[in-house]
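Remarks on the overall topology
What follows is the residue order along each chain.
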Amino acid sequence: RSGWLLAIDGLGLCPDCAPTARFLLNQAVVASKAVDRARTIETQLRSLDMFEQACVALKPYEDRAIPTLTSGPSHLVEQISRWKSAFAAEEVGKLSALAREKMRSGSTPASKLGSYSSAIGKLTKLSLDFPCVTEFDDGRTALVKELGLARFELALQRAQTEIAKGKASKAGDIVIEAA
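Anyway, here's the lowdown on the structure attached to this text. Bear in mind the structure is a predicted one, so any value in this text is a computation, not a measurement.

Criteria and cut-off values
Residues numbered from 1 in each chain as written. Predicted model: local features only at pLDDT ≥ 70, side-chain atom pairs only at ≥ 80, totals over all residues. Heavy atoms only, no water. Axes fitted to C-alpha atoms, helices over the stretch in contact; angles between N-to-C directions. Helix = DSSP H or I, 4+ residues; strand = E, 2+ residues; numbered from the N terminus. Parallel < 35°, antiparallel > 145°, perpendicular 65-115°, else oblique. Left-handed = near helix turned anticlockwise from the far one by under 90°. Contact = heavy atoms within 4.5 Å. Nonpolar A, V, L, I, M, F, W, Y, C, P; charged D, E, K, R; others polar. Core = buried A, V, L, I, M, F, W, Y, C linked by side-chain atoms within 4.5 Å. Buried < 20%, exposed > 50% of the residue type's maximum accessible area, 1.4 Å probe, protein only. Salt bridge = Lys/Arg side-chain N within 4 Å of Asp/Glu carboxyl O. Expected span 1.5 Å × (residues − 1).

Considering the packing of helix H3 (residues 73-105) against helix H4 (residues 109-129)
Contact geometry of H3 with H4 gives a least axis separation of 7 Å together with a crossing angle of 165°. When the axes of H3 and H4 are compared, the pair comes out roughly antiparallel. In the crossing of H3 with H4, the sense of the turn from one axis to the other is left-handed. Counting all contacts with H3, which are made through Glu 91, Val 92, Leu 95, Leu 98, Ala 99, Arg 100, Lys 102 and Met 103, the residues of H4 involved are Ser 111, Lys 112, Leu 113, Ser 115, Tyr 116, Ala 119, Lys 122, Leu 123 and Leu 126.

Here we look at the environment of Thr 43
Structurally, Thr 43 is set in helix H2 (residues 41-63). Sequence separation between Thr 43 and Leu 69 is 26 residues, and the spatial gap between their C-alpha atoms is 22 Å.

Some words on the packing of helix H5 (residues 135-164) against helix H6 (residues 168-178)
At a minimum axis distance of 8 Å, the contact between H5 and H6 shows a crossing angle of 175°. If you check the angle between H5 and H6, you find them roughly antiparallel. The segment H5 lies against H6, with Phe 152, Ala 155, Leu 156, Arg 158, Ala 159, Glu 162 and Ile 163 engaging Lys 170, Ala 171, Ile 174, Val 175 and Ala 178. Here the contact of H5 with H6 is built from residues that sort into nine nonpolar, no polar and three charged.

Remarks on the nonpolar core
With 38 residues, the main nonpolar core has Phe 51, Leu 58, Tyr 61, Leu 69, Leu 123 and Phe 136 as its most contacted residues. Looking at this core, the elements with two or more residues in it are helix H1 (18-37), H2, H3, H4 and H5. Here this core gets eight residues from one element, more than from any other, and that element is H2. Among residues more than four places away in sequence, those in contact with Phe 136 are Ile 41, Leu 45, Ala 88, Glu 91, Val 92, Leu 123, Leu 126, Ser 127 and Phe 130.

Here we look at the pattern of salt bridges
Side chains bearing opposite charge may pair, as long as their charged atoms lie close to each other. Per the stated rule, a full pass over the model turns up 11 salt bridges. Here Lys 84 makes a salt bridge to Asp 49, at a shortest N to O gap of 2.5 Å. On the criterion of sequence distance, the pair formed by Lys 84 in helix H3 and Asp 49 in helix H2 is long-range, its members being 35 residues apart. For Lys 125, the salt bridge is made with Asp 129, and the minimal N-O distance between the two is 2.6 Å.

Some remarks on H5
Under the 1.5 Å per step criterion, the end-to-end length of H5 is 43 Å for 30 residues, consistent within 8% with the ideal 44 Å. All of the buried residues in H5 are Glu 135, Phe 136, Gly 139, Leu 143, Leu 147, Ala 150, Leu 154, Ala 155, Ala 159 and Glu 162. Those residues of H5 hidden inside the fold are in contact with H2, H3, H4 and H6. One or two positions beyond H5, positive phi appears at Gly 166, with a value near 85°.

See the structure below:
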């Protein structure tokens, strides 16, 4: 709008637009702070989603050269995608390392394999909750392969134990079942 009776604020916003812009700016700031304070991957990604939505809503202001955020909203939307990937990759790394450590230190086959199952379950849930973050699917696929190899390795150890007891037939059955 324009006209000599139209009042605008210091940012160039009319009284009708200013509250919406301030709300969106506040939403972006609150969401970005929530990302920093988040303690779980789910909270980090949800906060990033909220931050991204606020930045997308602020884009029309940026297009009209109305100052909004220190970094432009369109730049932040691109950056948010990279942050999501980085947070997801970090979480996949943590879950994978924990599963591998428990495989090495577990005392029973169930405890050795249980951490893999737990990590795969968590990655499955994360990939369903955040389908745009592909790192969860990739991590889950890698862990499923590792779990299969770990199961086969444990079966071979059981088969070797049976061979040592003189039960070659039972050892063969264990290997066949594992394959």
